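Examination of the molecular architecture
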Amino acid sequence: MMRLPPFTYVAARTLAEAAAALAEHGADAMLVAGGTDLYPNMKRRQFEPKVLVGLRGIRELAGVRGSAREGLTLGAGTTLAAVAAHREIVTHYPALATAAGLVSSPQLRNMGTLGGNVCVDTRCNYYNQSFEWRRAIGFCMKKDGDVCLVAPGSPRCWAVSSSDTAPALVSLGAAVRLVGGGGERTVPLAALYHDDGIEYLAKRRDEIVTDILLPPVDGWRSAYLKLRRRGSFDFPVLGVAVAARLEGAVVRDARIVLGAVASRPRLAEKAAAALVGRRLTPELIAAVAELAAGPSKPLDNTDFTHPYRKKVTRVFVARALRALGGLGDAGRAVEAIA
Amino acid sequence: MNPQTVEPRMKARIALSVNDQPHELLVPVHKTLLEVLREDLGLTGTKHGCELGECGTCTVLVDGEPVLSCLALPVELEGRRITTVEGLAEGGRLHPLQQAFAELGAAQCGYCTPGVLLTAQALLAAEALPPRDRIREALAGNLCRCTGYTKILDAVELAALRLSRGARAGAGR
Ligand SMILES: Cc1cc2nc3c(=O)[nH]c(=O)nc-3n(C[C@H](O)[C@H](O)[C@H](O)COP(=O)(O)OP(=O)(O)OC[C@H]3O[C@@H](n4cnc5c(N)ncnc54)[C@H](O)[C@@H]3O)c2cc1C
Ligand code: FES
Ligand code: FES
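Not measured: the values here are computed from a predicted model.

Glancing now at the overall build of chain B. When helices and strands are counted, chain B shows 5 helices and 6 strands. Secondary structure of chain B in N-to-C order comes out as β-β-β-α-β-β-β-α-α-α-α. Computed over C-alpha atoms, the radius of gyration of chain B comes to 17 Å, within 12% of the 16 Å expected from 2.2 N^0.38 for 173 residues, which places it in the range of a compact globule. Structurally, chain B occupies a C-alpha span of about 55 × 40 × 30 Å along its principal axes.

Turning next to the domain arrangement of chain B. Many descriptions give the size of an interface as the accessible area lost when the pieces come together. Residues and elements named next belong to chain B. By the assigned domains, chain B splits into domain 1 (3-87) and domain 2 (96-168). The C-alpha-based centres of domain 1 and domain 2 are spaced at 23 Å. Taken together, the contact between domain 1 and domain 2 spans 16 residues of the former and 13 residues of the latter. With both chains or domains summed, domain 1 and domain 2 bury close to 1000 Å², and 63% of this area falls on carbon and sulfur atoms. Taken together, the connections running from domain 1 to domain 2 amount to 0 salt bridges. Where domain 1 touches domain 2, the interface holds 4 residue pairs in polar contact (both at pLDDT 80 or more). Examining the composition of the side of domain 1 that touches domain 2, we find that 3 residues originate from one element, strand E4 (residues 59-62), more than from any other.

Residue and element names in this part refer to chain B. The N-to-C vectors of helix H2 (residues 96-104) and helix H3 (residues 113-126) enclose an angle of 130°; their axes lie 10 Å apart at closest approach. Judged by the inter-axis angle, H2 sits oblique to H3. Judged by the twist between their axes, the crossing of H2 over H3 is right-handed. The segment H2 lies against H3, with Leu97, Gln98 and Phe101 engaging Thr113, Val116, Leu117, Ala120, Gln121 and Leu124. Among the residues making up the contact of H2 with H3, the classes are represented as 6 nonpolar, 3 polar and no charged.

Once that is clear, we can look at the domain arrangement of chain A. Residue and element names in this part refer to chain A. With domains assigned, chain A is organised as domain 1 (1-58), domain 2 (59-119 + 160-214) and domain 3 (223-324). Centre-to-centre, using C-alpha coordinates, domain 2 lies 20 Å away from domain 3. Facing 26 residues of domain 2, the contacting portion of domain 3 comprises 25 residues. Of the roughly 2000 Å² buried at the junction of domain 2 and domain 3 (both faces included), carbon and sulfur atoms supply 60%. Applying the counting criterion to the domain 2 and domain 3 interface returns 2 salt bridges. Here Arg266 makes a salt bridge to Asp195, at a shortest N to O gap of 3.9 Å. The tally of links from domain 2 across to domain 3 stands at 12 residue pairs in polar contact (both at pLDDT 80 or more). Of all elements in the fold, only helix H5 (94-101) and helix H9 (165-171) reach the threshold of two or more residues within the side of domain 2 that touches domain 3.

Looking now at the site of ligand 1. Around ligand 1, the surrounding shell holds 37 residues, and the nearest of these are A:Leu31, A:Ala33, A:Thr36, A:Thr113 and A:Asp164. Near ligand 1, the surrounding residues belong to chains A and B. At a separation of 2.8 Å, an oxygen atom of ligand 1 approaches a polar backbone atom of A:Gly35. With respect to ligand 1, the backbone of A:Ser162 contributes an N or O atom lying 3.3 Å from an oxygen atom. Isolated, ligand 1 exposes 980 Å² of accessible area, and the fraction of that covered by the protein chains is 96%. At the level of elements, strand E2 (29-32), helix H2 (38-43), helix H7 (114-118) and strand E8 (208-214) of chain A are the ones that each hand at least two residues to the shell around ligand 1. Its residues assigned to classes, the shell around ligand 1 shows 19 nonpolar, 12 polar and 6 charged.

Attention shifts here to the side chain of A:Thr165. Within the secondary structure, A:Thr165 sits in helix H9. Leaving out residues up to four positions away in the same chain, A:Thr165 has contacts with A:Leu80, A:Leu96, A:Ala99, A:Ala100, A:Leu114, A:Asn117 and A:Val118.

Here we come to the packing of aromatic side chains. Residue and element names in this part refer to chain A. A complete count under the given rule lists 3 aromatic pairs over all chains for this structure. For the ring pair Phe304 and Tyr308, a centre distance of 5.4 Å and an interplane angle of 65° mean the geometry is edge-to-face. Classification of Phe304 as buried rests on a relative accessible area of 13%. Since its relative accessible area comes to 30%, Tyr308 is described here as partly exposed. Over the aromatic face of Trp158 sits the side chain of Arg156, whose NZ or CZ is 3.7 Å from the ring centroid. Here Arg255 stacks its cationic end above the ring of Trp220, 4.5 Å away from the centre of that ring.

Residue and element names in this part refer to chain B. The phi dihedral of Asp20 falls on the positive side, at around 65°, and the residue is not glycine. Relative to the assigned elements, Asp20 resides in the loop between strand E2 (11-18) and strand E3 (21-28). The phi angle at Tyr149 is positive, at roughly 75°, despite the residue not being glycine. Structurally, Tyr149 is set in the loop between helix H4 (132-138) and helix H5 (150-172).

Parameters and conventions
Residues numbered from 1 in each chain as written. Chains lettered and ligands numbered in written order. Predicted model: local features only at pLDDT ≥ 70, side-chain atom pairs only at ≥ 80, totals over all residues. Heavy atoms only, no water. Helix = DSSP H or I, 4+ residues; strand = E, 2+ residues; numbered from the N terminus. Rg over C-alpha atoms; globule rule 2.2 N^0.38 Å. Domains from an automatic or database assignment. Contact = heavy atoms within 4.5 Å. Buried area = accessible area lost by both parts, 1.4 Å probe. Salt bridge = Lys/Arg side-chain N within 4 Å of Asp/Glu carboxyl O. Polar contact = N/O pair within 3.5 Å; in protein donor to acceptor, adjacent residues only side chain to side chain. Axes fitted to C-alpha atoms, helices over the stretch in contact; angles between N-to-C directions. Parallel < 35°, antiparallel > 145°, perpendicular 65-115°, else oblique. Left-handed = near helix turned anticlockwise from the far one by under 90°. Nonpolar A, V, L, I, M, F, W, Y, C, P; charged D, E, K, R; others polar. Near = heavy atom within 4 Å. Areas by Shrake-Rupley, 256 points an atom, 1.4 Å probe, with all protein chains shown as cover. Phe/Tyr/Trp six-rings, centres within 6.5 Å; stacked < 30°, edge-to-face > 60°. Buried < 20%, exposed > 50% of the residue type's maximum accessible area, 1.4 Å probe, protein only. Lys NZ or Arg CZ within 6 Å of the ring centre and 35° of its normal.

Listed below in structure tokens is the structure:
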């Protein structure tokens with residue numbers, strides 16, 4: 001049996017209780033929602049918290065409020081299965097429903113939460129391994145060691161942002177509400193991330209993600225495509241989220257966000273800017289896809305080779321744009337399995 | 001009042017409902033549901049595979065929904081209804097899913113079978129006659145290394161047919 005290490009469990013019933021427990025135990029404490037990222041990582045001793053603060057008993061964290069016209073508020077404790085099946089989200093924020101519905105497997109989507117998904121740990125072939133494996137090869141700087149095994153000369157960690165919903169949410173212009181000892185703040189979700197494999201979250205340890213806020217839909221369309229080896233279970237090796245507002249065939253606004261190509265979801269800003277004010281033609285789509293793949297510099301630390309991932313970035317951006325423009329030949333709109 | 005806190009060396013007193021039977025347990029808080037089912041309750045029908053969420057063989061139902069017992073903590077499941085494969089047969093009679101799996105050879109080594117049966121049961125409880133694609137989708141979190149899946153899908157379809165006929169016959173009576 002691969003067992004969890006012992007820990008103290010605090011069953012918080014309110015946000016105030018959870019925040020107080022985090023403040024009291026400092027770096028020894030971690031939050032747990034669905035546990036589907038945390039517990040496997042604890043079993044492999046990637047995390048060794050002495051105290052777990054359970055969020056499940058906090059009622060105000062679960063559920064979706066609002067409407068597409070005014071914007072939706074999604075409690076951080078809402079399960080991925082609930083997000084993927086929510087009518088308003090499926091109809092008006094399809095990139096999010098698709099991304100949530102492509103996370104791992106049905107069982108994990110029944111357990112895993114949206115809050116846990118936006119905070120999910122970064123991943124790397126040299127890190128997501130058992131303790132014995134990591135000891136045998138020599139620990140890396142993300143846990144127990146001091147070098148990066150993907151880029152040994154590197155001063156930083158290159159572990160990869162592997163959330164499916166984060167790129168989709170950033171493309172939709174989502175914001176996140178955080179509550180901590182110091183009060184409450186709401187920031188764009190894109191500002192929750194650092195491009196660093198270790199310090200990938202730009203939030204204080206005692207801050208709890210309480211809600212994800214989606215802006216009014218206001219004519220935006222969206223799509224998400226995911227690359228992974230198998231049609232189930234696997235984390236994204238590439239995620240492409242595209243959202244755009246069109247007037248007729250002319251693009252008014254656009255966001256293109258790449259997942260699993262850096263330690264944070266990466267906005268392809270030049271590519272998105274090249275769309276604005278132009279008609280969505282096959283030529284424009286091809287040029288924009290090329291631009292979007294340009295800054296993506298995947299490292300060799302996930303499944304598939306990095307030249308292949310870069311090539312697929314181009315293909316997926318083009319497919320997503322064709323889908324948004326209602327142009328035929330959008331390919332498999334949801335997912336490609338190589 | 002302080003939130004309920006369980007220290008690492010302390011055992012937690014937990015009330016669990018498994019297959020409609022109430023249990024009072026005294027277990028370390030870091031023991032997973034999978035470990036408690038197998039080691040404390042002697043319910044070894046629930047299998048352990050990867051223990052990391054990557055295979056689905058440890059699937060049980062919590063309030064009718066398939067979840068992975070290797071990543072669930074009993075302390076978080078008080079007051080919920082847990083169903084394991086031991087809870088499928090009724091009064092010594094196999095559940096129609098079990099019957100169909102046996103008849104069609106949908107189990108070879110059988111290691112994935114408890115998890116597959118429970119996931120399929122949850123699907124059939126929600127949808128009487130799901131098309132094959134839906135069955136495939138619902139079972140996408142249960143790996144099988146033996147059967148190639150075809151016979152599993154056949155058996156779920158057969159069981160669905162028998163269950164819905166049974167339900168109709170029952171309603172007609
Ligand atoms: C086999 C397997 C496959 C997977 N495949 C995918 C995949 O394809 N795509 C994907 O995106 N993920 C995948 N995951 C990861 C994980 O299941 C999901 O990301 C899930 O959404 C995590 O949510 P959770 O509630 O279980 O988080 P937890 O495990 O409870 O927490 C994850 C992290 O977030 C923190 N956290 C949780 N809630 C909050 C909060 N409200 N505020 C602040 N911090 C919080 C925790 O402290 C922890 O660091 C996979 C996991 C496994 C085991
Ligand atoms: S043993 Fe739980 S998913 Fe493999
Ligand atoms: S029958 Fe052997 S794993 Fe499925």
